[in-house]
Amino acid sequence: ADVGGLLGRKVCRLSKGIFSPFFLLTISQFFSPPFFLFTFRPSLFLLIKQAEPVDESSVKKMILTFEKRSYKNQELRIKFPDNPEKFMETELDLNDIIQEMHVIATMPDLYHLLVELNAVHSLLGLLMLHIAIAVVDLLQELTDIDTLHESEEGAEVLIDALLEGQVVALLVQNMERLDEQVKEEADGVYNTLAIIENMAEFRPGLCTEAAQQGLMQWLLKRIKAKMPFDANKLYCSEILAILLQNNDNTRELLGEMDGIDVLLQQLSVFKRHNPATAEEQEMMENLFDSLCSCLMLPANRDRFLRGEGLQLMNLMLREKKMSRTSALKVLDHGMIGPEGTDNCHKFVDILGLRTIFPLFMKTPKKMKKVGVSEKEHEEHVCSIIASMLRNLKSQQRTRLLNKFTENDCEKVDRLMELHFKYLDAVQQADKRIEGEKHDMVRRGEILDDSMEDEFYLRRLDAGLFVLQLICYIMVEISNSGISQLQQRVHQILNLRGGSVKVVRHIMREYAESIGDGKTEEFKEAEQKRIMDLLDNF
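Residues numbered from 1 in each chain as written. Predicted model: local features only at pLDDT ≥ 70, side-chain atom pairs only at ≥ 80, totals over all residues. Heavy atoms only, no water.

Colleague: Looking at this structure, I do not really get the overall build of the protein. What am I missing?
Modeller: Per the secondary structure count, the protein includes 29 helices and 4 strands. Of all 537 residues assigned to the protein, the portion counted as buried reaches 49%. Sequence separation of 24 or more characterises 73% of the internal contacts of the protein that already satisfy a separation of 6 or more. Put simply, the protein shows about 26300 Å² of open surface, and 51% of that area lies on carbon and sulfur atoms. (Helix = DSSP H or I, 4+ residues; strand = E, 2+ residues; numbered from the N terminus. Buried < 20%, exposed > 50% of the residue type's maximum accessible area, 1.4 Å probe, protein only. Contact = heavy atoms within 4.5 Å. Areas by Shrake-Rupley, 256 points an atom, 1.4 Å probe, with all protein chains shown as cover.)

Colleague: What is the right way to read the confidence of the model for the protein from this model?
Modeller: Atomic detail in the predicted coordinates should be set aside for any region of low pLDDT. Across the protein, pLDDT averages 88, with 88% of residues at or above 70. Scored below 50 in pLDDT, residues 1-51 shows 80 contacts in the model against residues more than four places distant or in partner chains. (pLDDT = per-residue confidence, 0-100.)

Colleague: Would you take a moment to explain the nonpolar core for this structure?
Modeller: Ile104, Leu114, Leu215, Leu291, Met313, Met388 and Ile477 are the most contacted members of the largest nonpolar core, which totals 153 residues. Considering each element in turn, this core owes the most residues, 12 residues, to helix α24 (residues 394-442). (Core = buried A, V, L, I, M, F, W, Y, C linked by side-chain atoms within 4.5 Å.)

Colleague: Can you help me understand a negative patch on the surface in this one?
Modeller: On the surface, Asp109, Asp146, Glu150 and Glu201 cluster together to form a negatively charged patch. Note that Glu201 resides in helix α11 (residues 183-202). Given the relative accessible area of 49%, Glu201 is considered partly exposed. (Patch = residues over 30% accessible without salt bridge, like charges linked within 9 Å, V, L, I, M, F, W, Y side chains within 5 Å. Salt bridge = Lys/Arg side-chain N within 4 Å of Asp/Glu carboxyl O. Lys, Arg positive; Asp, Glu negative; His and termini not counted. Charge placed at Lys NZ, Arg CZ, Asp CG, Glu CD.)

Colleague: Any chance you could explain the environment of Leu178 here in plain terms?
Modeller: Note that Leu178 resides in the loop between α10 (167-177) and α11. Taking the C-alpha atoms as reference, Leu178 lies 7.5 Å from Val189; in sequence the two are 11 residues apart. The contacts of Leu178, once residues within four sequence positions are left out, are Ile133, Glu185, Gly188 and Val189.

Colleague: Would you mind showing me how to read the packing of helix α16 (residues 278-294) against helix α19 (residues 323-335) here?
Modeller: The description of two helices packed together rests on the angle between their axes and the distance between the axes. As a packed pair, α16 and α19 sit with axes 9 Å apart at the nearest point and diverge in direction by 10°. One element, α16, and the other, α19, form an angle in the roughly parallel class. Residues Met284, Glu285, Phe288, Asp289, Leu291 and Cys292 of α16 touch α19, and the partners they reach there are Ser323, Ser326, Ala327, Lys329, Val330 and His333. Taken together, the residues of the contact of α16 with α19 sort by class into 6 nonpolar, 3 polar and 3 charged. (Axes fitted to C-alpha atoms, helices over the stretch in contact; angles between N-to-C directions. Parallel < 35°, antiparallel > 145°, perpendicular 65-115°, else oblique. Nonpolar A, V, L, I, M, F, W, Y, C, P; charged D, E, K, R; others polar.)

Colleague: I tried to follow the pattern of salt bridges on my own but got confused; where do I start?
Modeller: Oppositely charged side chains may form a pair once their charged atoms are brought near each other. Under the definition given, this model contains 31 salt bridges. Between Lys437 and Glu452 there is a salt bridge, with the nearest N and O atoms lying 3.4 Å from each other. Highlighted residues: Lys437 in helix α24 and Glu452 in helix α25 (residues 449-462), separated in sequence by 15 residues. For Glu452, a relative accessible area of 32% gives the class partly exposed. Salt bridges linked by common partners bring Glu374, Glu378, Arg414, Glu417 and Lys421 together as one network.

Colleague: What is the right way to read unusual backbone geometry from this model?
Modeller: Only a minority of non-glycine residues have a phi that is not negative, and only a minority of peptide bonds are not trans. The residue Lys320 is not glycine, and still its phi comes out positive at about 60°. Following the sequence through the fold, Lys320 ends up in the loop between α18 (309-319) and α19. Non-glycine residue Asn407 carries a positive phi angle of around 45°. Take Asn407: it is sitting in helix α24.

Spelled out as structure tokens, the structure:
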């Protein structure tokens, strides 16, 4: 910036195109070292007088000035509602003090003053006025996640006051009246979403409340709006995924708002076309993640079925575009467990077996290009086949089992190939873990539950869960009553030095870990079913 030009004018441009009066200084005063300090924040370029250090006293003074100017502006607005010129000067003054208040974001331990002196309540009251964007900028900086973690106590006080003032409802109402064709207002929407993300990260429990205060409805409306892809649409997809994470209340709310249909409509664009940019790909992944989260709720499985979600995912698998990997993950979520029974039957009816088995027989090379590991792909495919074996009845089950007898049982050969691949990987991991345990015992260290959990996670990461799914498929097809399948499984086990005992051990471990989050009754029934299959293996 031209310093002379900056100081030679009475008006200095501040954040987001807002102009505000500044006292003039001569050039010599400006360059006098003790007089001014430049401070850069993401949303503004402030000149702060060094002669007045910012402390509790100056922050109190600043807040009281804000309160006075806010009251004056409100008074004139009520007195001259149809004559903006009468209150324009007070609005500019109010904007100036709001800009100055950004400095409070550098001292989260003083946030309690904002609450005690009623500034939070006053700021929220300004969200319905033209000055709302300046307020949003300030709130975005005050709630910056790094700043919040600098003073947990100050942060708690601020977040409590914001939530008490129904901050999300007010922010949503403000976004509804913003015109995103205007850059300044589009930035206002972006910063509003940043406030919500910051608060949700600091206090995940507020997601349900936020969704119910109109945020979920606004997000779905914005995501399906016929507007060109931009940073705000990407951000909306991120916030949606955050709201739905580990939260059955928000999943149910989305389902009731026909959100499953909205997600499917938005994703249908990617069945024949790849995302144009990395940002658009990120949005696509966020929408897929949101869909997977929603399918954790049984009621949404039915909505997914009625919305022809299976047909769309099946098409994506056939088209071989970037969306294929995520479509596989969605099918896995939609078909798993007893709640996935209807989806499993429908998948066979729409000829899904013709799509899934080629992916079982050969892991596509393109998977690695889109950042998906071979293990991840094989896990989803095996999980889908295991879910179908668990859930299918009568004719559809027969069609599935017939797939394993085709072409001289080539699917069984592939299954056994995967079995030995993952058995080897898990055994290698087990050896390393046993060595570490031995060293720990030698050093006199205690193997507590948290260490055992960490070791178990490492075994899963090495491929234990995929191995469990493969063994489950082996046991299921061996119990199908088709002697050809049972003979082929045992023949290959014997040929390659495998062991029925090892398979049984893996399945017992699988049975013990089954049913997390389910009722004790379900867990017992499922464990009994697996043990009965093992008895006949």
